[in-house]
Amino acid sequence: MLQELLAALAATGAAGVAYVAAAARIVKQYERGVVFRLGRLHGRVRGPGFTLIVPGVDRLRKVNLQIVTMPVPAQEGITRDNVTVRVDAVVYFKVVDAAAAVVNVEDYRFAVSQMAQTSLRSIIGKSDLDDLLSNREKLNQGLELMIDSPAVGWGVQIDRVEIKDVSLPDTMKRSMARQAEADRERRARIINADAELQASRKLAEAAQQMADTPSALQLRLLQTVVAVAAEKNSTLVLPFPVELLRFLERAQQTPPEQTVVNRVEQ
C-alpha cells in the first residue's frame, strides 16, 4: 500500500514537472509576450521574466522592442525638374504596442519596408534635385511623417529616417561640374572687375592730387625711375622735365656779359 502511494506521488510529481516544463516561458528584458488562448488575444501583454501558459491551449508570441535599423533599397525616380536619380535611405523604428504589432498587421517589418519604399519614391517625385542634394533634413522629416502615419496603427513608432545617398547619371554629373566651373569663373570676373573699379578710383584721386601739386608728379617720376633702374637688364628712356628745358632756354637767351657779372657777384 505504501509502495503504491509512493508510486502515485512520484507519478504526480513527474506529471507536475512535465506540466511546468511545458507551461514555462522566459521573456527577455527587451521582449514582450502576447498570449493567444484558443486563437483569441488573452489578458495583458506579458512582461520580461518567467511566465506560465496553459500547454496546448495558449500560444505565446514574443515581440522584440529594440530599435530596428532597416535599409531601404535604392529607388529610381524622376524629380520634379525631370532628372532621373536613384535614392536609398535607412529607417529606424521600434515596436511600442506588442499586441497591435501582432494582431493588426501580418508582418510589421515587411509592412514598414514597403511603406518606406513607396514613400521614398513619392518624395523623389515631389522634390527638386537641389533639394535632394542640399536640403535633406527637410526631406527626412517629410519622409518620416509619411511612414509614421500608417505605422501608428501597427503599434510601430518611426524613430528616424535618413536619406543615405543620391546617385546621378554621368551626364548630369558633367553638367553640374560645368555649371560649378562657370559659376566660379563668373565670381572671379566680378571680383577682378570690382578690383579694377577700386583701383581706378584711387588712381583718379592720385591724379587729381598730382595735378594740384606738380612737384608730386616729379617725385612720382623719380620713384618710377628708381624702381625700373633696379633691373640691370633693361634700357631706361627717361622723359626730360619741361621745367629744366625752360631753364636751359632762358640761360641761352641771357647775354654773356650778364652771365659773367652774375658769376662775379656770386
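What counts, and where the lines are drawn
Residues numbered from 1 in each chain as written. Predicted model: local features only at pLDDT ≥ 70, side-chain atom pairs only at ≥ 80, totals over all residues. Heavy atoms only, no water. Helix = DSSP H or I, 4+ residues; strand = E, 2+ residues; numbered from the N terminus. Buried < 20%, exposed > 50% of the residue type's maximum accessible area, 1.4 Å probe, protein only. pLDDT = per-residue confidence, 0-100. Contact = heavy atoms within 4.5 Å. Pairing = 2+ DSSP bridges. Axes fitted to C-alpha atoms, helices over the stretch in contact; angles between N-to-C directions.

S.K.: Whenever I open this one, unusual backbone geometry confuses me. Can you help?
M.R.: What you tend to see is this: most non-glycine residues have negative phi, and most peptide bonds are trans. A positive phi angle, close to 55°, is found at Leu 38, a residue other than glycine. By secondary structure assignment, the location of Leu 38 is in the loop between β2 (31-37) and β3 (40-41). Here the phi dihedral of Asn 82 falls at roughly 60°; this positive angle occurs in a residue that is not glycine. Overall, Asn 82 belongs to the exposed group, its relative accessible area being 67%.

S.K.: Please clarify how the confidence of the model for the chain should be interpreted in this entry.
M.R.: Where the model shows low pLDDT, its predicted coordinates should not be examined in detail. Confidence in the prediction for the chain averages 81 pLDDT; 82% of positions are at 70 or higher. The least confident element of the chain is helix α9 (residues 256-265), whose mean pLDDT is 45; the most confident is strand β7 (residues 84-95), at 92. Within the model, the stretch residues 258-266 combines pLDDT values under 50 with one contact to residues more than four positions away or in other chains.

S.K.: In this structure, what is going on with the sheet that holds β7? I would like to understand it.
M.R.: Through backbone hydrogen bonds, the strands of a sheet pair up, either in parallel or in antiparallel fashion. The strand order β6-β7-β8 describes an open sheet built from three strands, whose pairing is antiparallel. The open sheet has two free edges, formed respectively by β6 (68-78) and β8 (156-167), since each of these has just one partner strand. Looking at each pair of strands side by side, their axes are set apart by 25° on average, direction ignored. Across nine bridges, the pairing between β6 and β7 is antiparallel. Paired with Val 68 across the strands is Phe 93, a residue of β7. Packing of helix α3 (residues 108-126) onto the sheet brings it into contact with β6, β7 and β8, and relative to β6 it is tilted by some 35°. Together, β7 and β8 form the strand contacts of helix α5 (residues 136-151), whose direction differs from that of β8 by roughly 140°.

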